[in-house]
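Structural overview for review
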Amino acid sequence: MAMVVAVGVLHNHLLSASSRIVCLSSCSRPPLSVSSGVAKVVLKKGKTQLFKDGSPMVYSGAVDRIIGKPPPQTGDVVIVADGTENPIGWGLYNSVSMFCVRLMQLQHESTRDPSCALNIEKLLQTRITQAVQLRNSLGLPSEYYTNAYRLVNSEGDRLSGLIVDVFGDIAVVASSAAWLEKYRSHVEACLRSSIHGINHINWRPSLDVLKEDGFDISSLKQTQSSSSPPLPERSMVVENGISYAISLEGQKTGFYTDQRENRRFISTISAGKRVLDLCCYSGGFALNAARGGAISVLGVDSSLPALELARENVILNRMDPEKVVFFKQDSTEFMKGALSREETWDIVILDPPKLAPRKKVLHNAAGMYRNLNSLAMRLTSSGGLLMTCSCSGAMTQSGKFLGILQSAAAMAGRKITVVREAGAASDHPLDPSYPQGQYLSNILLRVL
């Protein structure tokens, strides 16, 4: 009898072990290798490691062949595989762009979280939820201190081509990839379900970039979400405890959130100083300087609508309009005139628009940056500070900006030292496998 029981126990144990082996075998099977009906983009020999390491943009020159009938169309989910056809991940296909696949999830990620494998709707919800959680961990939003911030930063949040800025109850979406236009309704649904208190979604396609991505912009829908109430002409936000009236008809998504931490820094060094804010737009740096105790602030910009906002913001924050003054003029012409009057300031801020949108114009842009900074240095009092910026990705990624500043100093007959180097605010995360996402340089110089 004991022998029978022992044999039975052993039999059950072997069955249990066998079932565990079967389960482990099926559960560990790579989810992408068992897919059917999904086209496969096979990479050339020697082109795999870059993408295994996380680079999200598969360029057409890296592709050897495409397996699948009918061939995939723009926006379709495809598997990306190495030369032996083993999957390394999956992404979204583009039939005409130089970037033929935007990788969304690598193989090991699909194995770890199979619920998102080959499922763009599920992945969108997961990634946007993760983006919200990151901003919450950074203290964003905070109702009375900062409710203007970047929620999704393209490759930095693993959603290549998607930028979302939040301004109070408005989410402004900058779309720069063809796949986003196909999945627009899903993106909007995810934003509504993930962000508390959003009443408006303003969809703003980046037309020039979409053209480069092969998208027919004539097919674009209206930019206002059909399920949103009419978008207000003006909106009120708060950043660093300072209130702003913003216009969503302005540049980019309506307000530059990337300089938030650099603006706050200016407020900590402005007490008792005379401050000049060049290319001031709607007054972000100028208002922070005034809040920090500057004895006088002058903002200069060539855009009258931007200056109207800046002046409105002075009144909104109950600041003295005689101490915070805005002047409409081209910044170069203003600086030349100020030099002829032998004027100087304790702190000068120079934040020009993008001068090098492409690498091919970098040489010409370098000359413009050098001339602008040389003038700005001559307007900075001896021992004073110049905060100079470049929002051109081509310039920042070239690593040449500091050299250009040194050349500008030589041209101005001044000596500079670097006091602080910074980039975009922390709600603009970067993917280290995609350094092209780095675009903003903010350098504080002491000028002697």
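The structure we're discussing is the one just above.
Keep in mind that what you see is a predicted model, and the values were worked out from it rather than measured.

Here's the deal with the sheet that holds strand β18 (residues 416-422)
Spatially, seven strands are ordered β15-β14-β13-β16-β17-β19-β18 in an open sheet, and the strand pairing comes out mixed. In the strand order of this sheet, the two ends are held by β15 (324-328) and β18, each with one partner. Within this sheet the neighbouring strands show an average axis-to-axis angle of 15°, counted without direction. Pairing of strand β16 (residues 345-350) with strand β17 (residues 380-390), which is carried by five bridges, proceeds in the parallel orientation. In the sheet register, Ile349 faces β17, and the bridge partner there is Met387. Across the sheet, helix α10 (residues 304-316) is in contact with β14 (296-301) and β15; its angle to β15 comes to roughly 170°. Helix-sheet contacts for helix α11 (residues 331-340) involve β13 (274-278), β14, β15 and β16, and the interaxial angle to β13 is about 145°.

Looking at the nonpolar core
Leu276, Leu278, Phe334, Met335, Trp345, Met377 and Leu386 are the most contacted members of the largest nonpolar core, which has 36 residues in total. In this view, Leu276 contacts Leu298, Val300, Phe334, Trp345, Ile347, Val348, Ile349 and Leu379; residues no more than four positions away in its chain are not counted.

Focus on the pairing of strand β19 (residues 441-447)
Within β19, six of the seven residues are buried, which leaves it mostly tucked inside the rest of the structure. Where β17 meets β19, seven bridges bridge the pair, whose relative direction is antiparallel. Counterpart to Met387 in the pairing with β19 is Leu444. As defined by bridge partners, β18 adjoins β19 across six bridges and the pair is classed as antiparallel. If you follow Thr417 over to β19, its bridge partner there is Arg446.

As for the sheet that holds strand β3 (residues 63-67)
Pairing is mixed in the open sheet, where six strands are placed in the order β2-β6-β5-β4-β1-β3. The strands lining the two open edges of the sheet, one partner per strand, are β2 (57-59) and β3. Ignoring which end each strand starts from, the neighbouring axes of this sheet average 35° apart. Docked against the sheet, helix α4 (residues 120-137) engages β5 (87-93) and β6 (99-106), running at close to 65° with respect to β6.

Focus on the packing of α11 against helix α12 (residues 362-378)
Contact geometry of α11 with α12 gives a least axis separation of 10 Å together with a crossing angle of 35°. Where α11 crosses over α12, the two elements pack in a sense that is left-handed. Taken together, the residues of α12 that come into contact with α11 (itself represented by Thr332, Met335, Lys336 and Leu339) are Leu372, Leu375, Ala376 and Arg378. For the contact of α11 with α12, the per-class residue count stands at five nonpolar, one polar and two charged.

Procedures and definitions
Residues numbered from 1 in each chain as written. Predicted model: local features only at pLDDT ≥ 70, side-chain atom pairs only at ≥ 80, totals over all residues. Heavy atoms only, no water. Pairing = 2+ DSSP bridges. Helix = DSSP H or I, 4+ residues; strand = E, 2+ residues; numbered from the N terminus. Axes fitted to C-alpha atoms, helices over the stretch in contact; angles between N-to-C directions. Contact = heavy atoms within 4.5 Å. Core = buried A, V, L, I, M, F, W, Y, C linked by side-chain atoms within 4.5 Å. Buried < 20%, exposed > 50% of the residue type's maximum accessible area, 1.4 Å probe, protein only. Left-handed = near helix turned anticlockwise from the far one by under 90°. Nonpolar A, V, L, I, M, F, W, Y, C, P; charged D, E, K, R; others polar.

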